[in-house]
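Here are the chains, one letter per residue:
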Amino acid sequence: MYQDVDPSIIPEVNLFIGGQYTPAAAGGYFERLDPSTNLVASRAASGRVEDAEHMTAVAAANFSKWSTTHVSERAKILRRAKQLMPKYRDRFAQLMLTEIGAVNDWVDFNINVAGEAIEAAVALALKHPSSLAENETSDSYIVRQPVGVCLAIAPWNAPIVLAMRSVVFPLAFGNSVILKASELSPATHSLIAEVLHEAGVPKGVISVMTNAPEHAEEVIASFIANPSIRRVNFTGSTRIGKIIAGLAAQHLKRCLLELGGKSPLIVLKDADLQLAAREAVYGAFLNQGQICMATDRIIVEQVIADEFIGILKEMVADLVSGDPRRKGVKLGPVASPSIASRLSALIEDALDKGATLISGTQRRGQFIDATLLDHITPMMRIYSEECFGPIAGIYRVDSPEEAITVANNCEYGLASAIFTRDIPLARRMACLLESGACHINSATVKDDPAMPFGGLKASGYGRFGSDACVDEFTEVSWITVSPT
């Protein structure tokens, strides 16, 4: 449960550099407001270009001591961080409540999967240890080594797991890392560095930059332009991802981009409708639908559509948005007024153009109840725009073939799901879906940090997890030795 804290005590965080918190050079701060109460949730240092340059220099200076630490020792340190996570649970919970309006279940989900991400990164680094030339005896061989300083830009929506994932994979391979915290969860993200520092990650190897929203562009541009930054990973919107990709291209910097999604969940006529409905509700409304893998589109065969929608309607009846501090609240607020306004506009546009409201009511500030819209057509904005909120559209189709066509008629390609008892058919359909992951008879929201995760099309490129991400955080050199 959440701690009973004095609301007058506002967490204040500074830049995390060299193993300690340091004010920004210009001394400024910005405030993050609680989406439930509109009161100040946290106050964070407003880093600028000079801070980015200093932070990068510190990270570069401390790279060698971490990169030359044996992989087994790095593994011990990072596994210690996993063991420490429960100790920090209440602090994380309080910060996630006030900064992003998270319910308790979402906090625990984040902590559990963050631990799995640490283990996956460690296992991968142990499987692919850095090679040192003096250990080689062949006259032609490959050396794999850490790249240097990595910039990790993490989002606010799953602040623990996505920030941990963004830093622990490069750390496991021996890189030093700068975490550029989200302006919506600066204190939550800064706490990640405290965990890693207590676990034994050396001073200067992990740093955290916080900045006011109006300074984000200059700070990110400064980091990417700095010659010491060798890799960039970004999880967030496609719009910002395109900007980061453009900046990285200018400086020939490799980047991993895990961007937006509009995940389809296909329900065929022979599916277990109770199971499909339960997983659709989970995927659409977990964390208020503010998940890149969220079930945005429910594509259902016409012959069972009415029955299926009836089941869905019953399941979402109690998903009323409210302050997570109140007992029994399962759906918190969306993260900002601008998000609430955009979602409300999507709903109004759909209804104006003929959609049917199955569940949901008019928004109350940043509180939006679980909303289901039936009879979605291509004329509606919601047909193609990512929702990233507690809204799911229902698309009726006449066949599995049409379901594939509708699912692929989208710029995004991150995750998908198919519900049917015909597993051979589902396997064939999965190979036709344009998405980085497909889950048969389970939700679009599914985490296994040991597996490759990323998207196609406007959902980005590169992968976290598995052998697919080794090249994201290491460099390979070919070395030959000729007789003298």
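Calculation rules
Residues numbered from 1 in each chain as written. Predicted model: local features only at pLDDT ≥ 70, side-chain atom pairs only at ≥ 80, totals over all residues. Heavy atoms only, no water. UniProt positions renumbered as here; feature names shortened; annotations may be inferred. Helix = DSSP H or I, 4+ residues; strand = E, 2+ residues; numbered from the N terminus. Buried < 20%, exposed > 50% of the residue type's maximum accessible area, 1.4 Å probe, protein only. Contact = heavy atoms within 4.5 Å. Salt bridge = Lys/Arg side-chain N within 4 Å of Asp/Glu carboxyl O. Disulfide = S-S within 2.5 Å. Pairing = 2+ DSSP bridges. Axes fitted to C-alpha atoms, helices over the stretch in contact; angles between N-to-C directions.

The protein has the name Aldehyde dehydrogenase in an unreviewed UniProt entry, where Marinomonas foliarum is given as its organism. UniProt lists a comment for the protein under the heading Sequence similarities (unreviewed entry), and it reads "Belongs to the aldehyde dehydrogenase family."

### A closer look at the environment of A340
Structurally, A340 can be placed in helix 12 (residues 337–352). Residue A340 is classed as buried on the basis of its relative accessible area of 0%. As a C-alpha pair, A340 and T22 span 318 residues in sequence and 34 Å in three-dimensional space. Residues contacting A340, with those up to four places away along its chain left out, are V334, R363, G365, Q366 and I368.

### Some thoughts on the pattern of salt bridges
Side chains carrying opposite charge are able to pair once their charged atoms draw close together. Enumeration over the complete set of coordinates arrives at 25 salt bridges. We note a salt bridge from R43 to E12, for which the minimum N-O separation is 4.0 Å. You can see R43 sitting in strand 5 (residues 40–45) and its partner E12 sitting in strand 1 (residues 12–13), a full 31 residues away along the chain. Looking at E12, the relative accessible area reads 46%, which means it is partly exposed. Residue E434 pairs with K457 through a salt bridge whose shortest N-O separation is 2.7 Å. Separated by 23 residues along the polypeptide, E434 in the loop between helix 14 (423–432) and strand 19 (437–440) and K457 in strand 20 (residues 456–457) bring together distant segments of the chain. Residue K457 is classed as partly exposed on the basis of its relative accessible area of 40%. One network of salt bridges, with partners in common, ties together E12, E31 and R43.

### Some remarks on the state of the cysteines
The full count for this structure, using the stated rule, is 0 disulfides. Between C387, a free cysteine, and C410, which holds the nearest cysteine sulfur, the sulfur-to-sulfur gap is 10 Å. No disulfide involves C431; its sulfur sits 8.6 Å from that of C438, the nearest cysteine.

### Side note on the UniProt feature "active site" (unreviewed entry) in the protein
Mapped onto the present numbering, the UniProt feature "active site" (unreviewed entry) falls on E258. Residue position: E258 is located in strand 11 (residues 254–258). With residues up to four places along the chain from it excluded, the contact list for E258 reads R165, F234, T235, G236, C292, L414, F453, G454 and S459.

### So, the sheet that holds strand 4 (residues 29–33)
Pairing is mixed in the open sheet, where 3 strands are placed in the order 1-5-4. Of all the strands in the sheet, just strand 1 and strand 4 have a single pairing partner and so form its edges. Here 2 bridges tie strand 1 to strand 5, and the two strands are oriented parallel to one another. The residue bridging E12 from the neighbouring strand is R43, located in strand 5. In the packing of helix 4 (residues 89–100) onto the sheet, contacts are made with strand 4 and strand 5, and the angle to strand 4 comes to roughly 85 degrees.

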